Amino acid sequence: MTRRLKMVRGSGNVFLELGFDKAEAENLKLRSGLMIRIVQFCRKSGMKQADAAKTLGLTQPRLNALLKGKIQKFSLDALVNIASNAGMNVRLVVKKAA
């Protein structure tokens, strides 16, 4: 006997689906997006971790925490500064909720 799976359209924010309140889920989504872009920068740059840390204005252990995805250790403000040090232009778009 096969069971039918019920599909439910997600919100587009995995953190909201995991039960975080709306404000925290939005913050985590922004932080995770920035972290992904910074990790991509580090991988594409070909720099050693120590050199990448220096470029980004971090210590090597702090960069290691970022590369391991330890999101709780980084504020949105800190990630914007790190991305800026990587030569990225970070923009925040604010829209009225639907």
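The model shown is predicted, which means the values in this text are computed figures rather than measured ones.

A.B. asks: Help me out: how do you make sense of the packing of helix H3 (residues 49–56) against helix H4 (residues 60–67) in this one?
C.D. replies: Axis angle and axis distance: for two packed helices, these are the angle between their axes and the distance between the axes, and together they describe the pair. With their axes 9 Å apart at the nearest point, H3 and H4 run at an angle of 95° to one another. Classed by the angle they form, the pair H3 and H4 counts as roughly perpendicular. Here Gln 49, Ala 50, Ala 52, Ala 53 and Leu 56 of H3 lie close against H4, whose contacting residues are Gln 60, Leu 63, Asn 64 and Leu 67. Its residues assigned to classes, the contact of H3 with H4 shows six nonpolar, three polar and no charged.

A.B. asks: Looking at this model, I keep getting lost on the side chain of Asn 13. Mind explaining?
C.D. replies: Relative to the elements of secondary structure, Asn 13 occurs in the segment before helix H1 (14–17). Side-chain polar atoms of Asn 13 contact the backbone nitrogen of Phe 15, separated by 2.9 Å. Those residues in contact with Asn 13, other than ones at most four positions away along the chain, are Ala 25, Glu 26 and Lys 29.

Conventions and cut-offs
Residues numbered from 1 in each chain as written. Predicted model: local features only at pLDDT ≥ 70, side-chain atom pairs only at ≥ 80, totals over all residues. Heavy atoms only, no water. Axes fitted to C-alpha atoms, helices over the stretch in contact; angles between N-to-C directions. Helix = DSSP H or I, 4+ residues; strand = E, 2+ residues; numbered from the N terminus. Parallel < 35°, antiparallel > 145°, perpendicular 65-115°, else oblique. Contact = heavy atoms within 4.5 Å. Nonpolar A, V, L, I, M, F, W, Y, C, P; charged D, E, K, R; others polar. Polar contact = N/O pair within 3.5 Å; in protein donor to acceptor, adjacent residues only side chain to side chain.

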